[in-house]
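If you want the building blocks of each chain, they are given just below.
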Amino acid sequence: MQHCDTLIAPRWCIPVEPSNVVLNDHGVVVNDGRITDILPLEEARQKYQPSAFVEKSGHVLIPGFINVHTHAAMSLMRGMADDVSLDVWLRKGIWPAEERWVSAEMVRDGTELAIAEMIASGTTCFSDQYFFPEIVAETAVDVQMRAMVGTPIIEFPTAWAANAAEYMNKANDLVHDPYADHPLISTCFAPHSSNAMSDESFIELRVLADQLDVRTQIHLHQTTAEIGEALQRTGKRPFDRLHELGIVNASLLAVHAVHMSDSEIEVFAESGVSIAHCPRSNLKLGSGIAPVTRYRAAGINVAIGTDSAASNNTLDMLSEMRMAALLARGTSADASALSANEALRMATLDGAAALGLAHETGSIEAGKWADLACIDLSHINSQPVYDPLSQLVFTARADQVTDVWIAGKHQLDNGKLTHIDTENLLARSNEWRDRFVSSTH
Ligand SMILES: [Zn+2]
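These notes cover the structure that comes with them. Just so we're clear, the structure is a prediction, and the values are computed from it rather than from any experiment.

A look at the coordination of the zinc ion
Here's step 1: The protein atoms that coordinate the zinc ion are H69 (NE2), H71 (NE2), H219 (NE2) and D307 (OD), at distances spanning 2.1 to 2.4 Å.
Here's step 2: In this structure, the zinc ion is coordinated by four donor atoms arranged in irregular fashion, with angles at the metal of 87 to 169 degrees.
Here's step 3: Spacing between the donor residues of the zinc ion along the chain follows H-x1-H-x147-H-x87-D. With a gap of 88 residues between them, H219 in strand β10 (residues 215-220) and D307 in the loop between β13 (301-304) and α12 (317-332) connect regions that are remote in the sequence.

Encoded structure:
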């Protein structure tokens, strides 16, 4: 008998890689934070002596979800400015509140609130872009969550930095350098959008990103208004400007990409750009629906993000994945346009690929981090189970997620968060609500 840290025994296991496979009654073996073996449960019980044996007889085990685009701290602004367009939402709701309240303390509390929601709904890795990114990284490490921390760049001053040069300097000193080789934290540059950046800043960013070998993510072609504003100011569509400045390449994650021309789609495919598809945020803000089936047909890697809880209004990847599958079918009038298998892959392994982490996470394979989520399909709304993959994508709710492991640590144990003091977190969230309300009335 060999010792192992954890042996997880779900009714079904969907590894995502190999694709479209459902394993019945298999054990997943975890050692030192990584998956070391996947084998029939009977064999696993004979071969291994686990410190922890976790049996889940009505559950499906999947790789944890990878949320490729959010602004975690904005969870404190959930529901604060609803029923308006992106432009009004930003200018009248979000930006004035941020100007008044964004601070290290606000980012700390908001990020923890977001992480609590994400872990409880099966997400094991999120890609973030917000001010005080060093606090986002610190908070993720404190509660042992995997994160891709994007360092923001804009031309105007905020509580975090005064100008684009300072955003980039602070990013290097506080985030990219200290976390260059961290097991949980990866980093990238996150210029907000083309309209918030000068050509000079983009050029400097490109040099820095190459030097540090980090990726870049940017909101791109989210709305027709964004494209119109760019045309008016620069005479160019944001995509064309980025392309000319050398930003469109395989290390770019284009967030939203709702409005793209055929020729732009072609260049994306040739360049190896990934797209962060955020369907519910696009719907809620009335931005449009990204042509995901066209992107996928062109060979572009499309991953799924929730965007912030201020424009969604949840960080629940099960709902986001289902919405992506439904919209792809509805917009293409084809019920086979995005299968359950493809939707799950977009929400896991394709997300890892979009962040440059596909060798470390995103599927249940020996050698990868044990980033796992267990979902109870014995609930009434998921019964009976003909096909666990289909039930997962089209019936499962966030409250059916019972267990989550991140790098082998049991972060959600039978529905209970193990590294986060929920009561204290809720008290702090309510204090922030009171502060935000006091400044808007
Ligand atoms: Zn966003």
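Focus: the pairing of strand β9 (residues 185-191)
Here's step 1: Burial analysis of β9 places seven of its seven residues in the buried class, the great majority of the element.
Here's step 2: Side-chain alternation along β9 places I185, T187, F189 and P191 on one buried face and S186, C188 and A190 on a second face that is also buried.
Here's step 3: Sheet topology places strand β8 (residues 146-153) next to β9; seven bridges connect them, and they run parallel. What sits directly across from T151, in β9, is F189.
Here's step 4: Regarding topology, helix α5 (residues 164-176) serves as the crossover connection from β8 to the parallel β9, and that connection is right-handed.
Here's step 5: Bridge count between β9 and β10: two bridges; the pairing is parallel. Counterpart to F189 in the pairing with β10 is T216.
Here's step 6: In this view, the connection linking β9 to its parallel neighbour β10 by way of helix α6 (residues 199-212) has right-handed handedness.

Looking at the nonpolar core
Here's step 1: In terms of nonpolar packing, the biggest core is built from 116 residues, with M106, F268 and L344 touching the most fellow members.
Here's step 2: In terms of residue count, helix α3 (residues 104-120) provides more of this core than any other element does, eight residues in total.
Here's step 3: The residues contacting L344, other than those within four sequence positions of it, are I14, V16, I62, F65, M321, L389, L392 and V393.
Here's step 4: Among the nonpolar cores identified, the runner-up in size contains 14 residues, and M148, C278, A352 and L357 belong to it.

Points about the state of the cysteines
Here's step 1: Scanning all chains against the criterion turns up zero disulfides.
Here's step 2: Note on C13: no disulfide assigned, nearest cysteine sulfur contributed by C374 at a separation of 9.4 Å.
Here's step 3: Note on C278: no disulfide assigned, nearest cysteine sulfur contributed by C188 at a separation of 14 Å.

What about unusual backbone geometry?
Here's step 1: Across the junction of N312 and N313, the peptide omega takes the value 10 degrees, indicating a cis bond.
Here's step 2: Residue placement: N313 occurs in the loop between β13 and α12.
Here's step 3: The linkage connecting Q383 with the following residue, P384, adopts the cis geometry, with an omega of -10 degrees.
Here's step 4: Even without being a glycine, N20 presents a positive backbone phi close to 60 degrees.
Here's step 5: Within the secondary structure, N20 sits in the loop between β1 (2-13) and β2 (23-24).
Here's step 6: On the accessibility criterion, N20 (53% relative accessible area) is exposed.
Here's step 7: Even without glycine at this site, D307 takes up a positive phi of about 60 degrees.
Here's step 8: Residue classification places D307 among the buried positions, given a relative accessible area of 5%.

Focus on the pattern of salt bridges
Here's step 1: Tallied over the full model, the rule gives 25 salt bridges.
Here's step 2: With a shortest N-O distance of 3.0 Å, E244 and K236 are connected by a salt bridge.
Here's step 3: On the basis of relative accessible area, E244 is assigned to the exposed category, the value being 55%.
Here's step 4: Residue K368 pairs with E365 through a salt bridge whose shortest N-O separation is 3.4 Å.

Here we look at α6
Since the α-helix packs 3.6 residues into each turn, any two residues three or four apart lie on the same face.
Here's step 1: Between its terminal C-alpha atoms α6 stretches 20 Å, which fits the 20 Å expected from 14 residues at 1.5 Å a residue.
Here's step 2: Restricting attention to buried positions, one finds in α6 the residues S201, F202, L205, L208 and A209. Looking straight down α6, one finds its buried side chains confined to an arc of 130 degrees; they lie on one side. Within α6, the exposed residues directed more than 90 degrees away from the buried face are E200, D210 and Q211.

What counts as what
- Residues numbered from 1 in each chain as written.
- Predicted model: local features only at pLDDT ≥ 70, side-chain atom pairs only at ≥ 80, totals over all residues.
- Heavy atoms only, no water.
- Donors = N, O, S within 2.8 Å, 3.2 Å for Na, K, Ca; no water.
- Tetrahedral: all angles 85-135°; square planar, octahedral: opposite > 155°, others 65-115°.
- Helix = DSSP H or I, 4+ residues; strand = E, 2+ residues; numbered from the N terminus.
- Buried < 20%, exposed > 50% of the residue type's maximum accessible area, 1.4 Å probe, protein only.
- Pairing = 2+ DSSP bridges.
- Right-handed = clockwise from strand over helix to strand, strands pointing away.
- Core = buried A, V, L, I, M, F, W, Y, C linked by side-chain atoms within 4.5 Å.
- Contact = heavy atoms within 4.5 Å.
- Disulfide = S-S within 2.5 Å.
- Salt bridge = Lys/Arg side-chain N within 4 Å of Asp/Glu carboxyl O.
- Expected span 1.5 Å × (residues − 1).
- Arc of directions from axis to C-beta.

Shape is all these values report; function is a separate question.
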